[in-house]
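Descriptive analysis of the structure
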Amino acid sequence: MILIKNGRVINPKNNIDEKMDILIEKNIIICIEKNIELNDSIDIIDAKNCIVAPGLIDVHVHFRDPGFTYKEDIQSGSKAAARGGFTTVVCMANTSPVVDNEQTLRFIEKEAEKSIINVMQTATITKKLKGKELVDMKHLKECGAVGFSDDGIPIMDCDILLKAMKLAKKLDVPLSLHEEDPSLVINPGINHGKISQALGLEGTLKEAEEVMVARDCMLAISTKAKVNFQHISSGNTVDIIRFGKKMGGNITAEVTPHHFSITEESVISHKSYAKMNPPLRTENDRLKLIQGLKDDTIEIIATDHAPHSKEEKERGLLNSPSGIIGLETALSLGITNLVSKNYISLIKLLEKMTINPARLYNLHKGSLHKGAIADIVIFDPKEEWVVDDFYSKSANTPFVGQKLIGKVKYTICNGKIVYEDNINPQK
Ligand SMILES: [Zn+2]
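Being a predicted model, the structure only gives us computed values, none of them experimental.

This part covers the pairing of strand S12 (residues 251-255). Burial within S12 is extensive, with 5 of its 5 residues counted as buried. Going residue by residue along S12, you find Ile251, Ala253 and Val255 tucked away on one face and Thr252 and Glu254 tucked away on the opposite face as well. As paired elements, strand S11 (residues 227-229) and S12 share 3 bridges and run parallel to each other. Residue pairing for S12: valine 227 is matched across the bridge by isoleucine 251. Crossover handedness for the path S11 to helix H7 (residues 235-246) to S12: right-handed.

Shown next as structure tokens:
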């Protein structure tokens, strides 16, 4: 048994924010009450000055397994997740081979069984990510795929996507879309604007995202399928999504910690470590994304954790792959750049990192209540720390050396302590 004492319990699902204790037996929360006193010899975690919340859920990670395990694998990615307070992640399907078939999906599920956290998997929408032919969505759902995404590659063929949405509606599964029209992407991962101009480059127009989100909002409205726009970056996109929802679309949107924290200016100082798809945009875009978080146009914060090796990232701005890691800094970036700046409350931040992502993928997780599986994060919302090392196999992030607020102290998954601060890591 584990007893978590003296913490401030925040459970966004039922709007609870008060001092309570939590008792865990085996892997289940058996009691949440004020002042639980027990005489038995049990493990006690003193959560004084800490927040006790549902384990965080990240619905957008790349664990690179199978195929690119020199960047990350399911076990190393899980350790990075646990350190960041995450107890559940949803992996994208652009592995090698891609997850468009039962065999690859089963391989990942087997690896996931060994993980210290809950690792869920999406399948692709189209075979080999080619955008031409749909996968067998019904069968892959039956095999355990929690949703479908061609993340990394936009689906240009409207008819294919329309068919996918109709099927997704019937199967009650989400479709998650990476929206960038390639004809408006000259150099990926860098915003087309004053910074790209200063560097003498053509970048990626923000319209690349906006036009596709506009198109797919209309398909979402007509099909009523659950459509999720991944890692949105442009301020206009927020307006389009707000409109799509108003028109009755069953639409959700994700934003990454980096898109609400920093802008295209970071490309000057951090070069390829600030290169990702879609790119960092302007301050005006960043503020509109934050407005979207405030008014719940954007319900989900997801990292797009995208590990790459040092060698790959040091190939120069144009030749290096896009993407940065995010699991170990996400919560702190949210506290530092959203909560501490008074844009949103802590409970709202946690809502976007627990129950909202759970709802999108129909996961029965993201809430603390009697009888629930004990997936819990305990963090100090005031402690400051400097980003320096990682449990991830990769270290590609522009946030190295930054002082952040909010530090994870314990992560408990399925009733077990899977991360404890200040304990030497078993990487
Ligand atoms: Zn993507």
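Tallied over the full model, the rule gives 30 salt bridges. In this structure, arginine 286 and glutamate 283 form a salt bridge, with 2.9 Å as the shortest nitrogen-oxygen distance. Of the two residues, arginine 286 and glutamate 283 are both situated in helix H10 (residues 283-294); the distance of 3 residues between them amounts to about one turn of the helix. Classification of arginine 286 as buried rests on a relative accessible area of 12%. When the shortest N-O distance is used, the salt bridge between lysine 403 and glutamate 384 registers 3.4 Å. Here glutamate 384 lies in strand S14 (residues 376-386) and lysine 403 lies in strand S15 (residues 403-413), a separation of 19 residues in the sequence.

Moving on, we get to unusual backbone geometry. Residues apart from glycine generally show negative phi values, whereas peptide bonds are mostly found in trans. In this structure, the amide linkage connecting aspartate 65 to the following residue, proline 66, adopts the cis form with an omega of 10 degrees. With an omega of 0 degrees, the peptide bond running from serine 96 to proline 97 counts as cis. Even without glycine at this site, lysine 26 takes up a positive phi of about 55 degrees. Relative to the helices and strands, lysine 26 is located in the loop between strand S2 (16-25) and strand S3 (28-33). Phi at asparagine 342 takes a positive value of approximately 65 degrees, unusual for a residue other than glycine. As for its position among the elements, asparagine 342 is in the loop between helix H12 (330-339) and helix H13 (346-351).

Ideal coordination angles are 109.5 degrees for a metal with four donors arranged tetrahedrally and 90 or 180 degrees for a metal with six donors arranged octahedrally. The coordination sphere of the zinc ion contains the protein donors Asp151 (OD), His178 (ND1) and His231 (NE2), at a distance range of 1.9 to 2.2 Å. Donor residues binding the zinc ion come from one chain and are separated in sequence as D-x26-H-x52-H. Here histidine 231 lies in the loop between S11 and H7 and histidine 178 lies in the loop between strand S10 (175-177) and helix H5 (194-198), a separation of 53 residues in the sequence. Assigned by exposure class, histidine 178 and histidine 231 land together as buried.

Before going further, it helps to examine the sheet that holds S10. Read across the open sheet, the 5 strands follow the order S9-S10-S11-S12-S13; overall the sheet is parallel. Each edge of the open sheet is held by one strand with a lone partner, namely strand S9 (148-149) and strand S13 (300-301). Two elements, S12 and S13, share 2 bridges in a ladder whose sense is parallel. When the sheet's bridge partners are listed, glutamate 254 is paired in S13 with isoleucine 300.

All right, on to the sheet that holds strand S8 (residues 118-121) then. What the 3 strands build is an open sheet, ordered S6-S7-S8; its pairing is parallel. Each edge of the open sheet is held by one strand with a lone partner, namely strand S6 (56-61) and S8. Put simply, the sheet's adjacent strands are angled 20 degrees from each other on average, direction ignored. Here strand S7 (residues 86-91) runs beside S8; their pairing, made up of 4 bridges, is parallel. Bridge pairing links valine 90 to methionine 120 in S8.

About the thresholds
Residues numbered from 1 in each chain as written. Predicted model: local features only at pLDDT ≥ 70, side-chain atom pairs only at ≥ 80, totals over all residues. Heavy atoms only, no water. Buried < 20%, exposed > 50% of the residue type's maximum accessible area, 1.4 Å probe, protein only. Helix = DSSP H or I, 4+ residues; strand = E, 2+ residues; numbered from the N terminus. Pairing = 2+ DSSP bridges. Right-handed = clockwise from strand over helix to strand, strands pointing away. Salt bridge = Lys/Arg side-chain N within 4 Å of Asp/Glu carboxyl O. Donors = N, O, S within 2.8 Å, 3.2 Å for Na, K, Ca; no water. Axes fitted to C-alpha atoms, helices over the stretch in contact; angles between N-to-C directions.

Any link to function would need more than the numbers given here.
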